[in-house]
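Listed below are the residues making up each chain.
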Amino acid sequence: MQLTRWLTLAVLTTTLQAYAYDLPQLQQLLDRQKYRLLQQELTKTAETSQQPELLVMQAKAMMSLDQDEALAEVLEKTLPQFPQHAELIRLAGINQFNLAQSSSIFSAPGYAKQGLAYFEQAASLAPDEAKYQRGLIDFYAAAPSIVGGDKKKAQQLADALQQKNQIHGTLAQVALLR
């Protein structure tokens, strides 16, 4: 009886270790720009597709390795699981903009519009997070109107951001002056 419990515990421990991940170690790889190694570790980690923080790391690594098309496939499968995760949605938007820049003139507007939709979604999910608001402001200010750029909208958002956050609002206002 004692031996059976011990064996069961040993099997459970081994199984859990196979699925465990070391978040600080993975974050350290990201911080040190060891993107290929990070991607290898995340590929070996069974929880990557179920843990949004791991998906965020994977997205950042894949973007840094210029694996935009592969990342689009990963995000297409996993975003429905995390419809309220603003950072993951923002990264999906950035990836769409990357795809737009490297695609043909015919498909680029579609990617840019999808990227804008992701940015708008992220900003609405986290209205108090300045980085989501700033991303949206920067897009509206820089993008051509054919894909959703709108300098007036950028100014309105920058004004609203300045009311919420003096520092980031001022930085947004300065960026609009360029």
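Here, every reference points to the structure presented above.
Residues numbered from 1 in each chain as written. Predicted model: local features only at pLDDT ≥ 70, side-chain atom pairs only at ≥ 80, totals over all residues. Heavy atoms only, no water.

Draft legend 1. Region of interest: the packing of aromatic side chains. Summed over all chains, the structure comprises three aromatic pairs. Note on Phe 139 and Tyr 140: the rings are 6.1 Å apart at their centroids and 65° apart in plane angle, and the pair reads as edge-to-face. Classification of Phe 139 by relative accessible area gives buried; the value is 9%. Ring pairing ties together the aromatic residues Phe 97, Phe 119, Phe 139 and Tyr 140, which thus form one cluster. (Phe/Tyr/Trp six-rings, centres within 6.5 Å; stacked < 30°, edge-to-face > 60°. Buried < 20%, exposed > 50% of the residue type's maximum accessible area, 1.4 Å probe, protein only.)

Draft legend 2. Structural context of the pattern of salt bridges. Inspection of the entire model under this criterion finds three salt bridges. Across the salt bridge formed by Arg 90 and Glu 87, the nearest N and O atoms sit 2.8 Å from each other. Of the two residues, Arg 90 and Glu 87 both sit in helix α6 (residues 86-102), three residues apart, roughly one turn of that helix. Taking relative accessible area as the criterion, Arg 90 reaches 18% and is therefore assigned buried. Of the charged contacts in the structure, one is a salt bridge between Glu 87 and Lys 131, with a shortest N-O distance of 3.0 Å. Placement of the pair is Glu 87 in helix α6 and Lys 131 in helix α8 (residues 130-142), with a sequence separation of 44 residues. (Salt bridge = Lys/Arg side-chain N within 4 Å of Asp/Glu carboxyl O. Helix = DSSP H or I, 4+ residues; strand = E, 2+ residues; numbered from the N terminus.)

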